[in-house]
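# A structural walkthrough
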Amino acid sequence: MKRMEQLVAKARAFSRQHWQRALRIREKVRFSEEAFHLVLAGGVGVIGGLVNLAFHMCINETERLFLGSTGDPAGVAANSSIWLRLLTPTMGGLCAGLVLYWGLRLAGKQGSSNIMEVVATSDGNCRCARRW
């Protein structure tokens, strides 16, 4: 957990440092704020597309590593042994449970964000609205 907190702190410091540099570049080039935001949005879009591509490549490599081939899940399962067919969903469920467990511990206690649910299930008072 401490390593994750250190990583988040480093990421915040990195973005804070480079955000100020980006604002200085905008001042020198004399971009309007709208044009600057469009350039930033384009950069975020390109980075998002590359991350998506890397994610799909990782999925394919994981399938190839654990299942021996990629493609249609029904076809891969038909060519697999019975033990692999039983072990794969079991390990996937275990990994998903661990991610959920650690993710909830990292996120901390969360309140309800559905206002209609809060009003319908309680006396109509929403303590989250009082914080603001």
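Assigned secondary structure in the chain consists of six helices and zero strands. Start at the N end of the chain and walk to the C end: the helices and strands fall as α-α-α-α-α-α. Looking at the chain as a whole, 5% of its 132 residues are labelled buried.

For the structure on display, the rule yields one salt bridge. Its salt-bridge partner being arginine 64, residue glutamate 61 comes within 2.6 Å of it at the nearest N-O pair. Separated by three residues within a single helix, glutamate 61 and arginine 64 lie in helix α2 (residues 33-67), roughly one turn from each other. Under the relative-accessibility criterion, glutamate 61 is labelled partly exposed at 46%.

Scored by pLDDT, the chain comes out at a mean of 81, with 83% of its residues at no less than 70. Of all the helices and strands in the chain, helix α6 (residues 127-130) carries the lowest mean pLDDT, 53, while α2 carries the highest, 90.

About the criteria used
- Residues numbered from 1 in each chain as written.
- Predicted model: local features only at pLDDT ≥ 70, side-chain atom pairs only at ≥ 80, totals over all residues.
- Heavy atoms only, no water.
- Helix = DSSP H or I, 4+ residues; strand = E, 2+ residues; numbered from the N terminus.
- Buried < 20%, exposed > 50% of the residue type's maximum accessible area, 1.4 Å probe, protein only.
- Salt bridge = Lys/Arg side-chain N within 4 Å of Asp/Glu carboxyl O.
- pLDDT = per-residue confidence, 0-100.

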